[in-house]
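Listed below, chain by chain, are the residues.
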Amino acid sequence: MSSKFDLVILGSGSTAFAAALWAQHNGKTAVMTEERTVGGTCVNRGCLPSKNLIEAARILYEARHPRYPGLTPSKMKLNFKALVAQKDQLIRSYRGHKYESLVGGKVPIEKGHAQFLDPNTVEVDGKRLTGDKILIATGSRAALPDIPGLQGVPYLTSDLLTSGESMELKFLPKSLLIIGGGYTALELGQMFHRFGTKVTLLERSEALLRGYEPEVRQAIGEIFRAEGIDVGTQASIREIRTARAGITVKVALNGKEREFRAERLLMATGRRPNTDKIAIERTGVTLGDHGEVKVDQFLRSHVHHIFAAGDVIGNQIDNQMATPVGSQDGGIAAHNALSGEEMRPVNHRVIPRAVFTDPQIGLVGLTDKEANAQGHRCWCSTIPMSLVPRAGAVRDTRGLIKMVADADTNEVLGVSMVGLNAGEVIHEAAVGLRFHAKIQDFIDLLHVYPTMAEAIKIVAISRYKDPAKLSCCAE
């Protein structure tokens, strides 16, 4: 059997759906493919389930550790199996409303393993799909390092939050060892710790969150250790093997050989593009060193009728492997492939990001190091959350905020924040960066008092004044 379409889309995640909806709205025919579950990573095993369970863990933790004198700790009962069940129900509902129902059957989704037969033809379990244009939106999966013994032991990846698949974790482990120190490791590590699991984090670099501002890395490490999470940095994994009660990991830590034991092992060592199992070599498409599809600013590969977007293009053209970026770029890719109009370039200059730890981490733009590498003469300032009235009022002064600006023009180049609601606050900075705002623009903007967003105003004021000597409303 074979079918002909204007656009054949490999994948059915947020990038693929954005492209399919563009095609549907503009009268073009399209088809998506899906080997696992419709909706891809975000809704099924990534953003949605993790944020759902992270919030449950926060409620549980705050009940046991109230910040206010006069509030008595309350030990809430945890039914982990019931939490998993409500998470699964939420995923099913969200997938139905935000994915499957949107195409209303007008864009078919072919289930099964997809692979190329030639540059215009994809086969899905014996069915051939031919497209005038092709969009590769197969996303990414957990990247696994070459560690002796790893393939011989059971381990988890971030797929443990999936629904209806064999790798779903339905029982709370007594202990969990996490290899990795990125956002996935931090979010899941703190979540499991708060559910009552003994958590150990092992990261190979000198601090967590490699590539982030050093002040951010230090702050979140101190916060995690203060909460009781065992964090080991500069950890070189020598060997992993099974043990009677789980797994044993041999580690060189700060120059000393140590062994860690845990009931379960979670590998959180980054992600890699899904290009190695779709016979992509039959297309002539060029791949990068990490398996990413090489594209230009219009998301077009070296084969001009084949486009790619989302996680599958990796970090090139300043891309971030994140759901909203893929969703935006999916629509752009469909426009460029099908409209016949002037092509739209992607714009990845301003991409706000968040890590949903507690407190949250929000960041946008350049770090101090990146700004200097680009030739800016930088002005940088970091202030603690203790100088933000809202943080003091709600008795949560953990964290800090850092602003990076060009010292000659005063244009703000980047903001990083560790603090309450940082994932929300960072959007103010993102809007500012989009319109090339200067330090004075943040100072002159009136802020509601007291709010966490005032942190941006206060750190901007530190360009000219000591923020410790401001009155309540910071000017």
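Look above for the structure.
Starting afresh in each chain, residues are numbered from 1 along the sequence in its written order. Per-residue local features are limited, in this predicted model, to residues with pLDDT of at least 70; the limit for side-chain atom pairs, both in listing and counting, is 80 or more; totals at the level of whole chains, interfaces and linings are taken over all residues. Water and hydrogen atoms play no part in the side-chain values, which are based on all heavy atoms of the structure.

Novice: How do you make sense of helix α5 (residues 183–195) when you look at a structure like this?
Specialist: Between the first and last C-alpha of α5 there are 18 Å, a value that for 13 residues agrees with the 18 Å anticipated at 1.5 Å per step. The buried label goes to any residue with under 20% of its type's maximum accessible area, the exposed label to any with over 50%, and the partly exposed label to all in between, with areas taken from a 1.4 Å probe on protein chains only. Note on conventions: DSSP H or I runs of at least 4 residues are helices, E runs of at least 2 residues are strands, and numbering of each starts at the N terminus. The buried fraction of α5 is high, at 11 of 13 residues. Where α5 ends, the next residue or the one after it, G196, has phi of about 115°, a positive value. By this rule, a helix spans an expected 1.5 Å times one less than how many residues it contains.

Novice: Would you take a moment to explain the pattern of salt bridges for this structure?
Specialist: Two side chains of opposite charge can pair, provided their charged atoms sit close to one another. The term salt bridge refers to a side-chain nitrogen of Lys or Arg lying within 4 Å of a carboxyl oxygen of Asp or Glu. One pass over the full model with this rule turns up 28 salt bridges. For the salt bridge of R45 with D159, the shortest nitrogen-to-oxygen distance reads 3.7 Å. Of the two residues, R45 sits in helix α2 (residues 40–45) while D159 sits in the loop between β7 (140–142) and β8 (175–179), which places them 114 residues apart along the sequence. The same class applies to R45 and to D159, which are both buried. For D296, the salt bridge is made with R300, and the minimal N-O distance between the two is 3.4 Å.

Novice: Help me out: how do you make sense of the packing of helix α1 (residues 14–25) against helix α4 (residues 80–103) in this one?
Specialist: When two helices pack together, their arrangement is given by the angle between the helix axes and by the axis-to-axis distance. The angle between two axes is taken between their N-to-C directions and runs from 0 to 180 degrees, where each axis is a line fitted to C-alpha atoms and a helix contributes only its stretch in contact. For the pair α1 and α4, interaxial distance at closest approach is 10 Å and the crossing angle is 35°. Handedness of the crossing formed by α1 with α4: left-handed. Two secondary-structure elements touch here, α1 through S14, F17, L21 and Q24 and α4 through Y99, E100, L102 and V103. Grouping the amino acids of the contact of α1 with α4 by side-chain chemistry returns five nonpolar, two polar and one charged. Helix crossings get a hand from a simple test, with the near helix turned counterclockwise from the far one by less than a right angle marking a left-handed crossing and a clockwise turn marking a right-handed one. Any two residues whose heavy atoms approach within 4.5 Å at even a single point are treated as in contact. Three categories are distinguished: nonpolar for Ala, Val, Leu, Ile, Met, Phe, Trp, Tyr, Cys and Pro, charged for Asp, Glu, Lys and Arg, and polar for the others, with Gly belonging to the last.

Novice: In this structure, what is going on with unusual backbone geometry? I would like to understand it.
Specialist: Negative phi characterises most residues that are not glycine, and trans characterises most peptide bonds. Omega for the bond connecting D358 with P359 falls within 30 degrees of zero, at 0°, which places this linkage in the cis form. Looking at the element boundaries, P359 is found in the loop between β17 (353–355) and β18 (360–365). Across the junction of Y449 and P450, the peptide omega takes the value -10°, indicating a cis bond. Looking at where P450 falls in the secondary structure, it is placed in the loop between α11 (439–444) and α12 (454–461). At I317, a position not held by glycine, the phi torsion is positive, near 40°. For D318, which is not a glycine, the phi torsion comes out positive at approximately 60°.

Novice: What's the story with the nonpolar core in this structure? I'm lost.
Specialist: One broad rule of soluble globular proteins: the nonpolar side chains tend to lie buried together. What is meant by a nonpolar core is a set of buried Ala, Val, Leu, Ile, Met, Phe, Trp, Tyr and Cys residues, joined one to another through side-chain atoms within 4.5 Å. Ranked by internal contacts, the top residues of the largest apolar core, which has 49 residues, are I9, L135 and I136. Dropping the residues within four chain positions of it, I136 is found in contact with L10, F116, I278, I280, V293, I306, F307, A308, A309 and V312. Counting residues in hydrophobic clusters, the runner-up holds 39 residues, among them L156, V199, I220 and I361.

Novice: Is there a simple way to explain the packing of helix α3 (residues 47–64) against α4 in this structure?
Specialist: Viewed as axis vectors pointing N to C, α3 and α4 meet at an angle of 140°, and their least axial separation amounts to 10 Å. Classed by the angle they form, the pair α3 and α4 counts as oblique. The handedness of the crossing between α3 and α4 is right-handed. Where α3 approaches α4, its residues L48, P49, N52, L53 and A56 are matched on the opposing element by L83, Q86, K87, L90, I91 and Y94. When describing relative orientation, an angle under 35 degrees is termed roughly parallel and one over 145 degrees roughly antiparallel, while 65 to 115 degrees is termed roughly perpendicular and anything else oblique.

Novice: Please clarify how the packing of aromatic side chains should be interpreted in this entry.
Specialist: Aromatic ring pairs are reported here in terms of the distance separating the ring centres and the angle at which the planes meet. In this analysis, rings of Phe, Tyr and Trp, with Trp reduced to its six-membered ring, are considered paired at centre separations within 6.5 Å, and the interplanar angle assigns stacked below 30 degrees, edge-to-face beyond 60, and tilted for intermediate values. As enumerated under the stated definition, the model contains two aromatic pairs in all. Judged by centre distance (5.1 Å) and plane angle (85°), the rings of F17 and Y99 are edge-to-face. Of the two residues, F17 sits in helix α1 while Y99 sits in helix α4, which places them 82 residues apart along the sequence. Note on accessibility: F17 and Y99 belong to one class, buried. Measuring from ring centre to ring centre gives 5.7 Å for F80 and F195, while their planes differ by 70°; the resulting arrangement is edge-to-face. Remark: F195 occurs in helix α5 and F80 occurs in helix α4; sequence separation between them is 115 residues. When its relative accessible area of 4% is taken as the criterion, F195 is described as buried. Counted as over-ring charges are cases with an Arg CZ or a Lys NZ within 6 Å of the ring centre that also lie within 35 degrees of the ring normal. The positively charged end of R194 is found above the aromatic ring belonging to Y61, 4.0 Å away from the centroid.

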